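If you want the building blocks of each chain, they are given just below.
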Amino acid sequence: MTRWLDPVFDWVGYLSPSPYLRAGVAIVLFLLLAKLVDIIVTVIMGRLLRHWGGSRREEAITLGHRTVFRTVVLIGLMIAANLAGLSPRVDSITDSVIGTILILLWIVAGIRGSALLLDALSQRPSPPAWARPTTAPLFNNLLRVMLALLAAYAILLAWNVNVTGLVASAGILGLALSFAAQDTLGNLFAGVAILTDQPYRIGDYIVLDSGERGQVTHVGLRSTRLLTRDDEEVSIPNGIIGKAKIINESGGPYVKYRLRVPIRVAYGSDIDQVMGHLMAVAAEHPTICETPEPRVRFRTFAESCLEFELLVWIAQPALRGLALHELNCEIYRVFEREGIRIPYPQRDLHIMDWREPGAGGPGDAR
């Protein structure tokens with residue numbers, strides 16, 4: 001395990017004929033080397049991390065120089081143990097113990113360092129998708145799992161354990177689990193995609209192609225939860241919501257929501273009067289935003305009416321139902337007061353006597 005250190009052994013061997021003295025010299029030399037490397041690493045990390053925040057920067061520098069210092073010291077202890085002339089079995093156990101400590105040291109440093117890095121990236125004005133505040137904990141946990149598995153594999157190698165059978169068994173077990181939990185894995189991967197892509201966030205109002213509409217209250221790895229206007233919580237698996245068409249009513253440059261109010265008036269109505277009253281109703285309503293300003297559109301000549309549409313903006317999608325109710329009530333009152341008729345579908349039925357000539361009855365067939 002330490003063949004790459006043979007030149008160091010040879011160099012230290014020239015210093016003293018006593019094994020224990022050579023071991024002591026190696027320890028002293030590596031302590032000095034560790035201190036020197038510690039100073040160099042501290043200076044380099046201080047320059048590389050000069051843009052980080054104060055406490056986060058100090059924590060990262062402390063983590064880096066302590067890890068490097070301890071690594072050099074442990075390597076020195078490994079060399080000293082080999083120079084002390086111990087029995088092969090004791091020497092092998094010593095190498096395995098020190099190697100295990102080194103592995104754990106770097107795994108812990110990797111976990112803490114990755115957490116600091118993700119935290120620093122998530123605080124940027126435009127962080128990458130995998131380092132946003134909503135996705136950083138997920139990737140941090142995944143990285144911890146991967147590092148833990150890597151540490152277990154490296155420790156087994158340090159103790160000269162044959163891992164071929166274990167790796168094969170783990171592969172078969174993983175394949176069996178993937179088949180047994182394919183729905184769960186599908187929801188998991190869809191949840192990762194949702195957290196990374198962020199088609200919606202907590203607090204947004206969304207509408208699915210299946211008809212569900214509500215405010216997003218939770219975005220997890222397995223499911224997304226919506227709170228409807230009836231105060232009912234709907235839990236939708238991410239595997240389903242990942243394939244659905246999603247309308248995010250809170251998306252766009254701001255949270256405001258445009259409300260469309262269709263109005264029908266009878267033929268013969270004064271369209272300027274109709275549009276003026278609709279604009280007045282919108283202007284006097286307290287929940288209608290002034291910017292963008294309301295507008296009225298004459299849409300089409302329908303079969304039995306003229307179709308208009310009042311377009312207004314409200315502060316948030318949650319006010320849609322109340323605002324539509326109040327606008328409809330006020331429009332009806334104004335139209336009733338001003339004599340503007342709201343038509344309804346009607347049909348004219350003509351009844352003819354088949355006995356009359358030309359009525360198309362049985363008499364015409366003779």
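The structure displayed is predicted, hence computed values, not measured ones.

*Asks:* Looking at this structure, I do not really get the pattern of salt bridges. What am I missing?
*Replies:* Two side chains of opposite charge can pair, provided their charged atoms sit close to one another. Counting across every chain of the model gives 11 salt bridges. As a salt-bridge pair, Arg 56 and Asp 119 come within 2.9 Å of each other at their nearest N and O atoms. Pair noted here: Arg 56 is in helix H3 (residues 54–83) and Asp 119 is in helix H4 (residues 88–122), with a separation of 63 residues, a long-range link. Take Arg 56: its relative accessible area is 19%, and that puts it in the buried class. Measuring nitrogen to oxygen at the nearest pair gives 3.8 Å for the salt bridge that ties Arg 337 to Glu 338. On the basis of relative accessible area, Arg 337 is assigned to the exposed category, the value being 58%. A residue is classified by how much of its surface remains accessible, and Glu 338, at 34% relative accessible area, is partly exposed. If you follow the salt bridges from partner to partner, you end up with Arg 213, Glu 249 and Arg 320 in one network.

*Asks:* Looking at this structure, how should I read the side chain of Thr 100?
*Replies:* For Thr 100, the location among the structural elements is in helix H4. A polar contact is formed between the side chain of Thr 100 and the side chain of Trp 159, at a distance of 2.8 Å. Once you skip the residues sitting within four places of it in the chain, Thr 100 turns out to touch Ile 155, Ala 158 and Trp 159.

*Asks:* When you look at the sheet that holds strand E7 (residues 295–301) in this model, what are you seeing that I'm missing?
*Replies:* Two orientations exist for strands paired in a sheet by backbone hydrogen bonds: parallel and antiparallel. Strand order across the open sheet formed by 3 strands is E6-E8-E7, with antiparallel pairing between neighbours. At either end of the open sheet lies a strand with only one pairing partner, and these are strand E6 (257–265) and E7. Strand-to-strand, the axes of this sheet are offset by a mean angle of 25°, without reference to chain direction. Two strands pair when backbone bridges link them, and E6 and strand E8 (residues 306–314) are joined in this way by 9 bridges, in the antiparallel orientation. Note on E8: the bridge partner recorded for Arg 260 is Leu 311. Where helix H9 (residues 271–284) meets the sheet, its contacts fall on E6, E7 and E8, and the angle it forms with E8 comes to roughly 20°. Against the sheet, helix H10 (residues 320–338) contacts E6 and E8, and its axis sits at roughly 30° relative to E6.

How each quantity is defined
- Residues numbered from 1 in each chain as written.
- Predicted model: local features only at pLDDT ≥ 70, side-chain atom pairs only at ≥ 80, totals over all residues.
- Heavy atoms only, no water.
- Salt bridge = Lys/Arg side-chain N within 4 Å of Asp/Glu carboxyl O.
- Helix = DSSP H or I, 4+ residues; strand = E, 2+ residues; numbered from the N terminus.
- Buried < 20%, exposed > 50% of the residue type's maximum accessible area, 1.4 Å probe, protein only.
- Polar contact = N/O pair within 3.5 Å; in protein donor to acceptor, adjacent residues only side chain to side chain.
- Contact = heavy atoms within 4.5 Å.
- Pairing = 2+ DSSP bridges.
- Axes fitted to C-alpha atoms, helices over the stretch in contact; angles between N-to-C directions.

Geometric descriptors of this kind do not, in isolation, establish any biological role.
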